[in-house]
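What follows is each chain in one-letter form.
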Amino acid sequence: MDDEVAKARARGVMARLTRVDLERARTDAAAVADEYGVNAITLKRMIAGELDTVMNACINHRGGPHGPRGEPCRASFMLCLGCPCARALPRHLPLQVLVHDRLAERRLEMTPLQWTQRFALPHAQLADLISQHDEADVADARANITDADRAVVTRFLNRELDLR
């Protein structure tokens, strides 16, 4: 397993595939898949967007730490930020930036204790994940946020996407 993946798990932040990783996957999918703890078929499905949740791709929605093994994960998508089954791809950055910014805005709507209990950890995890991108990529992500992204994030933060 790649050091980046191990570090991400230790920090409690999902592993992040870069554009370079995606380019390498075109010619050496097996190596990239191995580095990120998946098989080549799962990598292909991740790249195609078939495994996307709100802010990432999920490599094993039936074997994660948030539910009984073999059953579909029903945890809040916010928990993906620290889940070993989560993998972030470059296309997820606009949603990650938007969720990060919206969590910061919610600080004004809640008591400090409420915000800390509910959002401090995911806000910090997103800040760490976003900090792994260069400023130009983050600026591009902000500029490319769509109305559909805003709608999904609003539903997500209002817990309308939770399965429980």
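Counting restarts for each chain, with residues numbered from 1 along the sequence as it is written. In keeping with the predicted nature of the model, local features appear solely for residues at pLDDT of at least 70, side-chain atom pairs appear and are counted solely at 80 or more, and the whole-chain, interface and lining totals rest on all residues. With hydrogens and water excluded, all non-hydrogen atoms of the structure serve as input to the side-chain values.

Novice: Teacher, can you tell me more about the packing of helix α5 (residues 93-106) against helix α7 (residues 135-143) here?
Specialist: Each packed pair of helices is defined by two parameters, the angle between the axes and the distance between the axes. Note on geometry: axes are C-alpha line fits, over the in-contact stretch for helices, and angles between N-to-C directions span 0 to 180 degrees. The helix count covers DSSP runs of H or I at least four residues long, the strand count covers runs of E at least two residues long, and both are numbered beginning at the N terminus. Running from amino to carboxyl end, α5 crosses α7 at an angle of 80°, the nearest separation of the two axes being 8 Å. With respect to α7, the axis of α5 lies roughly perpendicular. Each of Leu 93, Pro 94, Val 97 and Asp 101 in α5 lies in contact with α7, whose residues at this interface are Asp 137, Val 138, Ala 141 and Arg 142. For the contact of α5 with α7, the class distribution of residues is five nonpolar, no polar and three charged. In this scheme, roughly parallel covers angles under 35 degrees and roughly antiparallel covers those over 145, while 65 to 115 is roughly perpendicular and the rest are oblique. Throughout, a contact is declared for two residues whenever any of their heavy atoms are within 4.5 Å. Gly counts as polar in this scheme, as do all residues outside two lists: the nonpolar Ala, Val, Leu, Ile, Met, Phe, Trp, Tyr, Cys and Pro, and the charged Asp, Glu, Lys and Arg.

Novice: Looking at this structure, how should I read the packing of α5 against helix α6 (residues 112-131)?
Specialist: Relative orientation of the contacting elements α5 and α6 amounts to 145°, with a least axis distance of 9 Å. Once α5 is placed against α6, the crossing between them reads as left-handed. For the pair formed by α5 and α6, the contact residues are Leu 93, Gln 96, Val 97, Val 99, His 100, Leu 103, Ala 104 and Arg 106 on the first element and Trp 115, Phe 119, Pro 122, His 123, Leu 126, Ala 127, Leu 129 and Ile 130 on the second. Partitioning the contact of α5 with α6 into residue classes produces twelve nonpolar, three polar and one charged. By convention the crossing between two helices is left-handed if the near helix lies anticlockwise of the far one by an angle smaller than a right angle, and right-handed if it lies clockwise.

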